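Spelled out from the first residue to the last, the chains are:
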Amino acid sequence: DELEFYIVLVPPTPDNTPALTPRLALKHEGDRIYLGPKVAGRYTLNSVIDPHAEIVFFSTGTGEAPHNGMVVELLRKGHTGPIVSAVTVRQNADLGYAEKHRELEDRYPNYHYLPMPTREEGVPKRYLQDLLRDDDFAKIGVDLSSTTSHIFLCGNPAMIGLPEEVDGEQVFPETVGVVQLLTEQGFTVDRRNVPGNIHFEEYW
């Protein structure tokens, strides 16, 4: 009977005054927040039918919020295939759920947590795309397959890197995103009328 929100207070800039997070930050215990009566969206685990499938979650910052719930749901249902949650943030202090993830790793041998701070002193700067380029999944014993695996992407649109339709062809952004790397390996983007195994939720 409660909801948990995972947010970062976005500070105002000369050309942008955030509308949501400052107002939430000013709330006190007992204050009211209105929520719509119906939850909508397609970013769910409905497509994961095989309990042995490899499931990988890529997220930037608080984009891991829906993934946290999905990971718990999969484990609660007894999913036996590998589950990987890769999260990139600026610094380790931004990993709000690191301790919980480590507890899940200790409890479930098929769960793997890959935190990736990009501005932490002494830590090499790497991005989520590098996990695919450097085949990090094989290093932890997870073999991704375009026929059995499901990939979930949530956060920065540049990390996701969805293509645009130009003259009937798919054109990817100049910055190579995860979607491009996966499609080069045979994965397909999940669309409303065309099911696939790359699922995405752009956070802004």
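Up top you'll find the structure we're talking about.
Just so it is clear, the structure is predicted and the values come from calculations on it, not from any experiment.

Novice: Talk me through the pattern of salt bridges; I want residue IDs and the actual numbers.
Specialist: Across all of its chains, the model carries seven salt bridges by this definition. Lys77 is the partner of Glu73 in a salt bridge, and the nearest nitrogen-oxygen pair spans 3.0 Å. Residue classification places Glu73 among the partly exposed residues on the basis of a relative accessible area of 32%. With relative accessibility at 65%, the residue Lys77 sits in the exposed group. Residue Asp136 pairs with Lys139 through a salt bridge whose shortest N-O separation is 3.7 Å. With Asp136 and Lys139 both in helix 5 (residues 136-139) and three residues apart, the pair spans about one turn of that helix. Among the ionic contacts, a cluster of salt bridges with common partners joins Arg126, Asp134, Asp136 and Lys139.

Novice: Can you lay out the environment of Leu162 for me, pointing to particular residues and giving the numbers?
Specialist: If you trace the backbone, Leu162 turns up in the loop between helix 6 (157-160) and strand 5 (164-166). Residues Leu162 and Arg90, 72 residues apart in the sequence, show an inter-C-alpha distance of 23 Å. Leu162 has contacts with Pro173, Val179, Val189, Arg191, Phe200 and Glu202, leaving out every residue within four places of it along the chain.

Reading the values: the criteria
- Residues numbered from 1 in each chain as written.
- Predicted model: local features only at pLDDT ≥ 70, side-chain atom pairs only at ≥ 80, totals over all residues.
- Heavy atoms only, no water.
- Salt bridge = Lys/Arg side-chain N within 4 Å of Asp/Glu carboxyl O.
- Buried < 20%, exposed > 50% of the residue type's maximum accessible area, 1.4 Å probe, protein only.
- Helix = DSSP H or I, 4+ residues; strand = E, 2+ residues; numbered from the N terminus.
- Contact = heavy atoms within 4.5 Å.

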